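Now for the letters of each chain:
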Amino acid sequence: MIHARGLARTFDTKRGRERVAVKAVGGVDIDVEEGEIVGFLGPNGAGKTTTLRMLTTLLKPTSGTATVAGFDLAREPVKVRKAIGYVSQSGSTAGIARAGEEIVDHALLYGISAGQAEKRGKELFDQLELEGMWARQPKTMSGGQRRRLDIAMGLVHDPKLVFLDEPSTGLDPQARANLWTHISDLRTKLGTTIFLTTHYLDEADALCDRILVIDHGVIVAADTPDALKREVAGDLVELVLASESEVATAASHLSKLGTNTTADIDGLVVSMRVQHAGAELPGLLRALDGAGVTLAAIEVRRPTLDDVFLTMTGRSLREDA
Amino acid sequence: MTFFYDTWVIYRRQLRLALRNPAWVIIGLAQPVLYLALFGPLLKPLAAQIGTANAYTFFVPGLLIQLGLFGALFAGFGLVSEWREGVIEAERVTPANRAALLFGRVLRDLSLLLVQGIVLIALGFAFGMRGSLLGMILGLVLILLLGGACSAASYALALTLKSEDALAPILNSIALPVLLLAGILLPISIATGAPQWLVTVSDFMPIKYLVNALRELFVGHVLTITTMWGALWVLLLFALGIFYGTRTFRKDNA
Ligand SMILES: Nc1ncnc2c1ncn2[C@@H]1O[C@H](COP(=O)(O)OP(=O)(O)OP(=O)(O)O)[C@@H](O)[C@H]1O
Ligand SMILES: [Mg+2]
């Protein structure tokens, strides 16, 4: 479905007086087969949106080639456009228009009849929990509702390949879970191929067959979510103690939760990666209480993109962004 | 032909949005109407000096040009906010004809301009303007050509710059000299006492020929050298504007 070779894009920008070339994407190879759901993971400024804009014909690559949906990006852009749907990171509707009109007009540009567009649009509104919003002005919709309207815009013509740029930003957990269901349904019911970007490992995990990790415009890892997760061992448990004297006791109790790891100590903070932290936590708290340790705070962090990244490249995502 | 169909889809959407928020249409019309009401009376006693029988027949063509020029020239601002909302990218990712994205918008501007022009002429009659109806209709056609050139160029510039802050100074630095040097408000000619250097400078302003042509048309002089020059210049501007606009909208990474 997508076969890109050495796709690169450099932007000329001005920094103060001098002109600098910003290498947004530095030659990526991407292969996505029909019916796959592939996640494109990376920190801010990694080059995700730029890559997507190239693959969707919106931006001309500085170098490299790609075939998208069976057509050459450079030579047959119109055929590519006909076959794909794109949900951009930054919206797609006019605030003062009506949601339904935007959907129908968008579909008309794909050559779909108005009747068919309205039928499919209303179906999508139901599935994305936008019932009753057909005549609403996007500017009066909440951020999450407007985001779902963008998603409906990108899907109204039933494309066989969909690009979603951070589809779930701004969605509450329930809406996000619903979106995930909808996206996997697209694949099972319509055989749609999906290429989506995200910052969230759990999202990529729940949805994707494969994940490509991009950083500084270069793909640094490409694997299944399971394989990637295996590299990060568990959730991060952070205990913040009330006094220095109890740090060692707390560290020894926390270390018991791991098989061959020991807790890290950083001032008053004791931390360690723990498998299934949620289930282990009650016992840990009881044990600490029993030992007379007073906690100022406790925090549990699920493995994040940052953690995967850290394990893979040995440095944090945000360190030198 | 997908070009015509796409143009129609874009045009209809743009018109719908413009009518939903008619404040801009009304503000655009308010300016020349205020000129007509507040500046017109000052011209009346000067009619003889300017060399015209009817001050309003002289004045309304200038106001029409002002309407066509300014309304259309600032159309680009709307495109910048559309860009910001992601509408332009959403349209560009569809297989829609690139030029249709421009033409649909230009046609919307021309529709509004036509209505505004008719209202202005009707008001002119109410104030006491008299003249040739055929000439006025032809004059409106020239104004539409001017408006088309300005709005296409403005959209192209907006699509290139994508920022109001960059767009505003450029458009203002075009609009002001045109307003002053084209003789829109007062004629620039030796006969009415303008200094020679100013006349010479204004001779390089294509819009001046259009203003003169319109004034001739309004009094019923249809086929004269002056009207031909005006029509020639406006056709040239139109061709340039449409060429520049289409080329910009067709570029891969605008
Ligand atoms: N039009 C542009 N002009 C100049 N630089 C740009 C442009 N678009 C993107 N960049 C630069 O290219 C790099 C990659 O940007 P891109 O938008 O692809 O990142 P991203 O991975 O989508 O990030 P985010 O997670 O924040 O959406 C950034 O450094 C950005 O500043
Ligand atoms: Mg992005």
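All of these numbers come straight from a predicted model, not from anything done at the bench.

Moving on, we get to the overall build of chain A. Counting secondary structure elements, chain A contains 11 helices and 14 strands. For the C-alpha atoms alone, the extent of chain A along its principal axes is close to 70 × 50 × 40 Å. Within chain A, contacts between residues at least 6 apart in sequence are counted, and of these 68% link residues at least 24 apart. When the accessible surface of chain A is split by element, carbon and sulfur atoms take 50% of a total near 14,400 Å². Charged side chains of chain A number 37 positive and 44 negative; the gap between the two group centres comes to 8 Å.

Residue and element names in this part refer to chain A. Protein coordination at the magnesium ion (ligand 2): the donors are Thr49 (OG1) and Gln89 (OE1), at 1.8 to 2.1 Å from the metal. Pair noted here: Thr49 is in helix 1 (residues 48-55) and Gln89 is in the loop between strand 6 (84-87) and helix 3 (99-108), with a separation of 40 residues, a long-range link. What makes Thr49 partly exposed here is its relative accessible area of 23%. By relative accessible area, Gln89 is classed as partly exposed at 35%.

Counting residues in hydrophobic clusters, the biggest one holds 139 residues, and the most contacted among them are Ile30(A), Leu55(A), Phe163(A) and Phe195(A). With 13 residues, helix 4 (residues 55-73) of chain B is the largest single contributor of residues to this core. Not counting residues within four places of it along the chain, the set of residues in contact with Phe195(A) comprises Ile2(A), Ile30(A), Val32(A), Val38(A), Phe40(A), Leu52(A), Leu55(A), Val162(A), Phe163(A), Leu164(A) and Leu212(A). Core analysis: the second largest hydrophobic core is formed by 16 residues, Met272(A), Ala277(A), Leu288(A) and Val293(A) among them.

The subject of this paragraph is the sheet that holds strand 3 (residues 37-41) of chain A. All names here are of chain A. Here six strands make up an open sheet; going across it, the order is 6-7-8-3-9-10 and the pairing mixed. A single partner strand is all that each edge strand has here, and the edge strands are strand 6 and strand 10 (218-223). For this sheet, the mean angle separating the axes of adjacent strands, direction not counted, is 15 degrees. The sheet contact formed by strand 3 and strand 8 (residues 193-198) spans five bridges and is parallel. Counted as the bridge partner of Leu41 is Thr198 from strand 8. Its contacts with the sheet put helix 5 (residues 143-155) on strand 6 and strand 7 (161-165), and the angle it makes with strand 6 is roughly 165 degrees. Running at roughly 140 degrees to strand 3, helix 6 (residues 173-190) makes contact with strand 3, strand 7 and strand 8 of the sheet.

The next point concerns the packing of helix 11 (residues 206-218) of chain B against helix 12 (residues 225-250) of chain B. All names here are of chain B. Contact geometry for helix 11 and helix 12: axes closest at 7 Å, N-to-C directions at 135 degrees. The orientation of helix 11 relative to helix 12 falls into the category oblique. As helix 11 runs across helix 12, the sense of the crossing is left-handed. Between helix 11, through Pro206, Ile207, Tyr209, Leu210, Asn212, Ala213, Glu216 and Leu217, and helix 12, the contact on the second element is made entirely by Thr226, Thr227, Gly230, Trp233, Val234 and Leu237. Its residues placed into classes, the contact of helix 11 with helix 12 shows nine nonpolar, four polar and one charged.

To continue, consider the interface of chain A and chain B. Taken residue by residue, the interface counts 30 residues in chain A and 26 residues in chain B. Approximately 2,400 Å² of surface area, both sides summed, lies buried where chain A meets chain B, with 54% of it carried by carbon and sulfur atoms. Looking only at chain A, the three residues that lose the most surface to chain B are Leu58(A), Arg81(A) and Leu109(A), adding up to 28% of its buried area. For the interface between chain A and chain B, the tally reads seven salt bridges. Salt-bridge contacts for Arg53(A) lead to Glu89(B); the nearest nitrogen and oxygen are separated by 2.7 Å. Summed over the shared surface of chain A and chain B, the number is eight residue pairs in polar contact (both at pLDDT 80 or more). Among the elements of the structure, helix 2 (77-83) and helix 3 of chain A are those that each provide at least two residues to the side of chain A that touches chain B. Among the elements that take part in the side of chain A that touches chain B, helix 3 of chain A stands out by supplying five residues, more than any other.

Let us now look at the domain arrangement of chain A. Looking at the assigned domains, one finds that chain A contains domain 1 (2-229) and domain 2 (233-302). Computed over C-alpha atoms, the centres of domain 1 of chain A and domain 2 of chain A are 40 Å apart.

Residues and elements named next belong to chain A. A surface patch of nonpolar side chains, about 200 Å² in accessible area, is lined by Leu285, Ile298 and Val300. Along the chain, Val300 turns up in strand 14 (residues 295-301). Residue Val300 is classed as partly exposed on the basis of its relative accessible area of 34%.

Moving on, we get to the site of ligand 1. All names here are of chain A. Taken together, 14 residues are adjacent to ligand 1, and Gly45, Lys48, Thr49, Thr50 and His199 come closest. In this structure, Thr49 approaches ligand 1 through a side-chain N or O atom, which is 2.6 Å from an oxygen atom. Separating an oxygen atom of ligand 1 from a side-chain N or O atom of Gln89 is a distance of 2.8 Å. Protein contacts shield 66% of the accessible area of ligand 1, which totals 630 Å² for the unbound molecule. Elements with a contribution of two residues or more to the shell around ligand 1: strand 1 (2-15) and helix 1. By residue number, the principal contributor to the shell around ligand 1 is helix 1, which donates three residues.

What follows covers the sheet that holds strand 14 of chain A. The pairing of strands in a sheet happens through backbone hydrogen bonds and is either parallel or antiparallel. Residues and elements named next belong to chain A. Spatially, the four strands line up as an open sheet ordered 12-13-11-14, and their pairing is antiparallel. Taken across any chain shown, the strands that pair with only one partner, and hence form the sheet edges, are strand 12 (264-266) and strand 14. In this sheet, adjacent strand axes meet at a mean angle of 20 degrees when their direction is disregarded. The sheet contact formed by strand 11 (residues 235-241) and strand 13 (residues 269-274) spans six bridges and is antiparallel. Counted as the bridge partner of Val237 is Met272 from strand 13. Contacts from helix 9 (residues 247-255) reach strand 11, strand 12 and strand 13 within the one sheet, and its direction differs from that of strand 13 by about 5 degrees.

We now examine a negative patch on the surface. All names here are of chain A. Taken together, Asp126, Glu129, Glu131 and Asp172 make up a surface patch of like negative charges. Residue placement: Asp172 occurs in the loop between strand 7 and helix 6. Residue classification places Asp172 among the partly exposed residues on the basis of a relative accessible area of 41%.

Time to look at the pattern of salt bridges. Where side chains of opposite charge bring their charged atoms close, a pairing between them can arise. Per the stated rule, a full pass over the model turns up 24 salt bridges over all chains. Measuring nitrogen to oxygen at the nearest pair gives 3.5 Å for the salt bridge that ties Arg16(B) to Glu101(A). Within this pair, whereas Arg16(B) is found in helix 1 (residues 2-20), its partner Glu101(A) is found in helix 3, the two belonging to separate chains. Taking the relative accessible area as the measure of exposure, Arg16(B) reaches 22% and is therefore partly exposed. Judged by relative accessible area, which is 22%, Glu101(A) ranks as partly exposed. With a shortest N-O distance of 3.6 Å, Asp185(A) and Lys189(A) are connected by a salt bridge. Residue Asp185(A) and its partner Lys189(A) are both found in helix 6; the two are separated by four residues, about one turn of the helix.

The rules we used
- Residues numbered from 1 in each chain as written.
- Chains lettered and ligands numbered in written order.
- Predicted model: local features only at pLDDT ≥ 70, side-chain atom pairs only at ≥ 80, totals over all residues.
- Heavy atoms only, no water.
- Helix = DSSP H or I, 4+ residues; strand = E, 2+ residues; numbered from the N terminus.
- Contact = heavy atoms within 4.5 Å.
- Areas by Shrake-Rupley, 256 points an atom, 1.4 Å probe, with all protein chains shown as cover.
- Lys, Arg positive; Asp, Glu negative; His and termini not counted.
- Charge placed at Lys NZ, Arg CZ, Asp CG, Glu CD.
- Donors = N, O, S within 2.8 Å, 3.2 Å for Na, K, Ca; no water.
- Buried < 20%, exposed > 50% of the residue type's maximum accessible area, 1.4 Å probe, protein only.
- Core = buried A, V, L, I, M, F, W, Y, C linked by side-chain atoms within 4.5 Å.
- Pairing = 2+ DSSP bridges.
- Axes fitted to C-alpha atoms, helices over the stretch in contact; angles between N-to-C directions.
- Parallel < 35°, antiparallel > 145°, perpendicular 65-115°, else oblique.
- Left-handed = near helix turned anticlockwise from the far one by under 90°.
- Nonpolar A, V, L, I, M, F, W, Y, C, P; charged D, E, K, R; others polar.
- Buried area = accessible area lost by both parts, 1.4 Å probe.
- Salt bridge = Lys/Arg side-chain N within 4 Å of Asp/Glu carboxyl O.
- Polar contact = N/O pair within 3.5 Å; in protein donor to acceptor, adjacent residues only side chain to side chain.
- Domains from an automatic or database assignment.
- Patch = residues over 30% accessible without salt bridge, like charges linked within 9 Å, V, L, I, M, F, W, Y side chains within 5 Å.
- Near = heavy atom within 4 Å.

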